[in-house]
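Coordinates in review
Below are the chains, spelled out letter by letter.
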Amino acid sequence: MLRSLLFYKRIHNNRLATMTIRLGTADLAKYPFLNEAAEYMHQTYFNLDDLNLPELGHIVERASNRIRSEIEHGKPDFTLERHEIEILTFLVGILIIKAINSDNLTKKHCLCEALRAEKFLVHDLKTHGEPSTRKLLLFKVFKELLKMDVLPSMKYQLMFEVKVTDYLKRSHLFHEQEWKLINRLVHDGRVFLDPDETVRLIRAEVTNLLLERIKQMNPSHIPATIRGQANILKASIPMASRKLANAPSAYPPCVNHALDLMAVGENLPHSARVMLATYMLAIGKNIEEIVSLFKNAPDYDERVSRYQVEHLAGERGSRVRYLVPSCTKLRNDGLCFATSQCDGLINPVQFGRAVKYYRETNLR
Amino acid sequence: MIPTKTGKDLQMMKAAFREFYFNHGNRIEEPVRIQNREFGLMGFDGVMKRHLKFSSLGRLVASLVLETPSDVFASNAQYDFPVLPISEKGWRGADLIFDIDLKDLDLKCRLSHSYMTCFSCRSCYFSGSEDRCPKCGSNNFAEVMLPCDRCINGLKSEVSKLHRFLASDIGISPEKITTYFSGNNGFHVHVLDESFNDLNSQARADLAAYIMGIGILADVIGVRRDTHNDFRVRFPLGGLDYGWRKRISDKLGISITSERKLTKLVKELGDIEQFRKRVADIAKEMGVRIDSQVTTDVHRVFRMPGTLNSKSGLTKTLCLDLDSFDPFEESCQLSSREVAVEIMPPRLKLRLKGERFSLSEEIVRVPIFIGVYLISKGLAHAV
Ligand code: SF4
Ligand SMILES: [Zn+2]
Ligand SMILES: [Zn+2]
């Protein structure tokens, strides 16, 4: 989106009248990642260097405050301004994030933007007066953006229908029992959800979509004001936010799954945290690295996390080093996602070794 | 576990299998996009060769005739590079499959057609509770079973149940569901609906749990946990019209107007925990007994339709009409050429390919389809 933005010259007059926005501008303010918001930017002939102009200083400040509060409290900002301001704040926000270039912060920012949109979307699905506006919104967000069909249920008021496959692809990211398909109203290939559930289903996806956009984004240069803000913010990031070096594919499926959940800010059950921490200890990660893994947890508290990891490492209390739970135990806890690479495993720590053995015997 | 075949047993089985692939290799069903599948050939020595690729059915059949494997598998997944190790194959989705096996059904007729076989001294007994051979004391001793018509009917009704779940709940139209007899003690159900192909194993695990009736909460019919161990009844949005909500509420005789009845029911059972257990039991009872590991594995190599199952010498066969399908007729495709075998159990009755056989502990001449059937189960030996 940004790359094409760079080629436009600015024209000050408001060209909204000639635009073909079918969603209201109020919607673009809430969902600045929609394709139409990008279209809007095209139409205004906005230029990146405009961000150095004093009259846009408040936008840069607003975006950087938003990121600061994400670093400090990990919470999104729910204030809502006019669409011109919101769309620009969103854009400046991701520029700053790109300039800071920290994986952890990028993830956190995307998650916060997703949470922000989630809140507005739930509200809109519950209240947006006209059924046609609601349908349009569903179309723009779910179909255009995420390639997912969501329809207002004809049968049940205030419920939405999604395809079983679309549901399953997303719901496995949640560990709560009520998200298991069996605890849903399922009929004829569709799952019926209320507005909160419908929107909750796509949190991880919106997060990933934003992550992907930031990764793809390749601005020709970053304006001085943005770089300045990025440097200030960078200095305030705690040191421990380093990501783990190991390639994820080297981990067993159960560990990968837990890491995926963490990455998109899902709440991990206690048993999964224990598995993750003991596994990482077993393969030689240090406590610092492991604590920083839990950074994305919605209830993250560094002191508590550190205490727990140290406890598992046997550096506290009973001084017993905890072992990685067995595959059987993990299976019973619903944490096992075995693939055929897991054939014959008793404990996840055997994962890499077993793969090797398996190849040698079968690749004759 | 029945040990791998040796000596004359091995010779006879291999000869029968080679002859089959030579004459009937064209009956093997070619998988969709064969060039993107991984193949696995199990040898009679019990070693599996995986990561194989065949660009056409003809090439596969040629190698079956040449190598005569005991069992032939193709991946349910499609890959960019089927021959590379799993992490480098480039996964492109996998067919959704289900496996229903006799061992999961717990049918009562089992004992009436099970034998205990000793692989050390070759003696054979009617099923008992021994864990070693009463004659030679060896513990190389296993239970083998010849499924009967009741077994097959039990399997069929489980398969029908699966069909109903897939159709009414999951919304898969019947023409996209293909059912096969596995060649031994089970049925395989393949779903030919591409929209399921990209589900990962977690998503498939959730789907499997749905079909098996596992993990249900009392909330689905509106019994919710309140403070402490108390509960309240509030029927869910969307009512009790469909799916598990309907199954459970029908079983309990509940509708959305019977709030008082439901409250009473929970109280009668003790508390919400007891009620949850009751609901879980009902769900498990009403669910389908599939082998969830099979459904969840997106890298599995799975027995190919039209190939022989070395545990029986029967073929994995397409069932066009489940009700009338008779595996002992349609899946028995080895020739009728006569061979001599020694029957091990004192008495043995079976029906295969339209003939009834009543055999006893002696050397007899039988058609090779009978010989292979019994040898594969350790109930006879080639002489
Ligand atoms: S089998 Fe073991 S290692 Fe593999 S996913 Fe399950 S718990 Fe993890
Ligand atoms: Zn013996
Ligand atoms: Zn039986």
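Scroll up a little and you will see the structure.
Before going further, it helps to examine the coordination of the zinc ion (ligand 3). All of the protein donors around the zinc ion (ligand 3) are B:Cys109 (SG), B:His113 (NE2), B:Cys148 (SG) and B:Cys151 (SG); their distances to the metal are 2.1 to 2.2 Å. Its four donor atoms give the zinc ion (ligand 3) angles of 101 to 121° at the centre, a pattern that matches the tetrahedral case.

Across the boundary between the two partners, chain B contributes 40 residues, which contact 36 residues of chain A. Among the residues chain B hides against chain A, the three largest losses belong to B:Gln202, B:Asp206 and B:Tyr242. Together they make up 19% of the total. Inspection of the region where chain B meets chain A yields one salt bridge. Taking the shortest distance from any N to any O, the salt bridge between A:Lys169 and B:Asp198 comes out at 3.4 Å.

Packed helices, taken two at a time, are described by the angle their axes make and the gap between the axes. All names here are of chain A. Interaxial distance between helix H6 (residues 103–127) and helix H10 (residues 203–216) falls to 8 Å at its minimum, and their mutual angle equals 130°. The angle between H6 and H10 falls in the class oblique. For the pair H6 and H10, the sense of crossing is right-handed. Seen from H6, the contacting residues are Thr106, Lys107, Cys110, Leu111, Glu113, Ala114, Leu115 and Glu118; seen from H10, they are Arg203, Val206, Thr207, Leu210, Leu211 and Ile214. In terms of residue class, the contact of H6 with H10 is built from eight nonpolar, two polar and four charged.

Moving on: helix H3 (residues 35–43) of chain A. Along H3(A), the residues that are buried comprise A:Glu36, A:Ala37, A:Ala38, A:Tyr40 and A:Met41. Directly after H3(A), the chain includes A:Tyr45, whose backbone phi takes a positive value near 55°.

Residues and elements named next belong to chain B. For the zinc ion (ligand 2), every protein donor is listed as Cys118 (SG), Cys121 (SG), Cys133 (SG) and Cys136 (SG), and the spread of their distances is 2.2 to 2.3 Å. Its four donor atoms give the zinc ion (ligand 2) angles of 107 to 111° at the centre, a pattern that matches the tetrahedral case. Site description for the zinc ion (ligand 2): donor spacing in sequence, C-x2-C-x11-C-x2-C. Of the two residues, Cys121 sits in the loop between strand E7 (114–118) and strand E8 (124–126) while Cys136 sits in the loop between E8 and strand E9 (141–145), which places them 15 residues apart along the sequence. With a relative accessible area of 29%, Cys121 lands in the partly exposed category. Cys136 gets classed as partly exposed once you look at its relative accessible area, which sits at 39%.

The next thing to look at is the nonpolar core. Core analysis: the biggest nonpolar cluster contains 205 residues, and A:Leu181, A:Leu276, B:Leu166, B:Ile211, B:Phe275 and B:Leu359 have the highest contact counts within it. Ranked by residue count, the leading element in this core is helix H5 (residues 83–100) of chain A, at eleven residues. The next biggest cluster of nonpolar side chains, apart from the first, holds five residues, and it includes A:Tyr156, A:Met159, A:Leu185 and A:Phe192.

All names here are of chain B. A cluster of nonpolar side chains, contributed by Phe81, Val83 and Leu84, occupies part of the molecular surface with about 250 Å² of accessible area. Along the polypeptide, Phe81 turns up in the loop between strand E4 (77–79) and strand E5 (91–94). A relative accessible area of 47% means that Phe81 is categorised as partly exposed.

With that out of the way, let us pick up the environment of A:Arg134. Tracing the sequence through the fold places A:Arg134 in helix H7 (residues 131–146). For A:Arg134 and A:Asp124, which are ten residues apart along the polypeptide, the C-alpha to C-alpha distance reads 7.5 Å.

This next bit is on the sheet that holds strand E4 (residues 190–193) of chain A. Backbone hydrogen bonds hold the strands of a sheet together, and the pairing may be parallel or antiparallel. Residue and element names in this part refer to chain A. If you trace the four strands from one edge of the open sheet to the other, you get E1-E2-E4-E3, paired in antiparallel fashion. Each edge of the sheet is formed by a strand with only one pairing partner; in this case those strands are strand E1 (150–152) and strand E3 (185–187). The average angle at which neighbouring strand axes cross in this sheet is 30°, direction not considered. When E1 meets strand E2 (residues 160–163), the two strands line up antiparallel, connected through three bridges. Residue pairing across strands places Pro152 opposite Phe160, the latter belonging to E2.

This part takes up the pattern of salt bridges. Under the definition given, this model contains 47 salt bridges over all chains. In this structure, the salt-bridge partner of B:Lys103 is B:Asp291, at a minimum N-O distance of 3.8 Å. Of the two residues, B:Lys103 is situated in the loop between strand E6 (96–101) and E7 and B:Asp291 in the loop between helix H7 (272–286) and helix H8 (292–296); the sequence distance between them amounts to 188 residues. The salt bridge partner of B:Arg351 is B:Glu329, with a shortest N-O separation of 3.5 Å. One end of the pair, B:Arg351, is in strand E19 (residues 347–352); the other, B:Glu329, is in helix H9 (residues 327–330), and 22 residues separate them in sequence. Residue B:Arg351 is classed as buried on the basis of its relative accessible area of 18%. Through salt bridges with shared partners, a single network forms among A:Arg62, A:Arg66, A:Asp77, A:Glu86, A:Glu113 and A:Arg116.

How each quantity is defined
Counting starts from 1 at the beginning of each chain's written sequence and moves along it residue by residue. A letter from A marks each chain and a number from 1 marks each ligand, given out in the order of writing. Owing to the predicted nature of the model, reporting of local features is limited to residues with pLDDT of at least 70; listing and counting of side-chain atom pairs is limited to 80 or more, with chain, interface and lining totals taken over all residues. Hydrogens are left out, water is left out, and the side-chain values use all remaining heavy atoms of the structure. Sodium, potassium and calcium take a 3.2 Å donor cutoff, other metals 2.8 Å, and in both cases only N, O and S atoms count; water is not among them, so sites may look incomplete. All geometry calls rest on donor angles, where a four-donor set with angles between 85 and 135 degrees is tetrahedral, four- and six-donor sets with opposite donors more than 155 degrees apart and all others between 65 and 115 are square planar and octahedral, and all else is irregular. Every residue pair with non-hydrogen atoms within 4.5 Å of one another is taken to be in contact. Here the buried area means the combined drop in accessible surface, using a 1.4 Å probe, for two parts upon being joined, counting both sides. Every case where a carboxyl oxygen of Asp or Glu lies within 4 Å of a side-chain nitrogen of Lys or Arg is listed as a salt bridge. Axis angles are defined between N-to-C directions and span 0 to 180 degrees, where every axis is a line fitted to C-alpha atoms and, for a helix, only to the segment in contact. For the purposes of this entry, the term helix denotes a DSSP run of H or I that reaches at least four residues, the term strand denotes a run of E that reaches at least two, and both are numbered from the N terminus. What sets the label is the angle itself: under 35 degrees gives roughly parallel, over 145 gives roughly antiparallel, 65 to 115 gives roughly perpendicular, and the rest give oblique. The crossing is said to be left-handed when, going from far helix to near helix, the turn is anticlockwise and less than a right angle, and right-handed when the turn is clockwise. Under the convention adopted here, Pro, Cys and the residues Ala, Val, Leu, Ile, Met, Phe, Trp and Tyr are nonpolar, Asp, Glu, Lys and Arg are charged, and Gly plus all remaining residues are polar. Note on exposure labels: buried denotes an accessible area under 20% of the residue type's maximum, exposed denotes more than 50%, and partly exposed covers the range between, all computed with a 1.4 Å probe on protein chains only. To define a nonpolar core, start from buried Ala, Val, Leu, Ile, Met, Phe, Trp, Tyr and Cys residues and group those joined through side-chain atoms within 4.5 Å. Excluding any residue in a salt bridge, patches collect residues exceeding 30% relative accessible area, merging like charges within 9 Å and nonpolar Val, Leu, Ile, Met, Phe, Trp and Tyr side chains within 5 Å. Using a 1.4 Å probe, the Shrake-Rupley method yields the accessible areas, and only the shown protein chains count as cover for residues. Paired strands, in this sense, are two strands between which DSSP finds at least two bridges.

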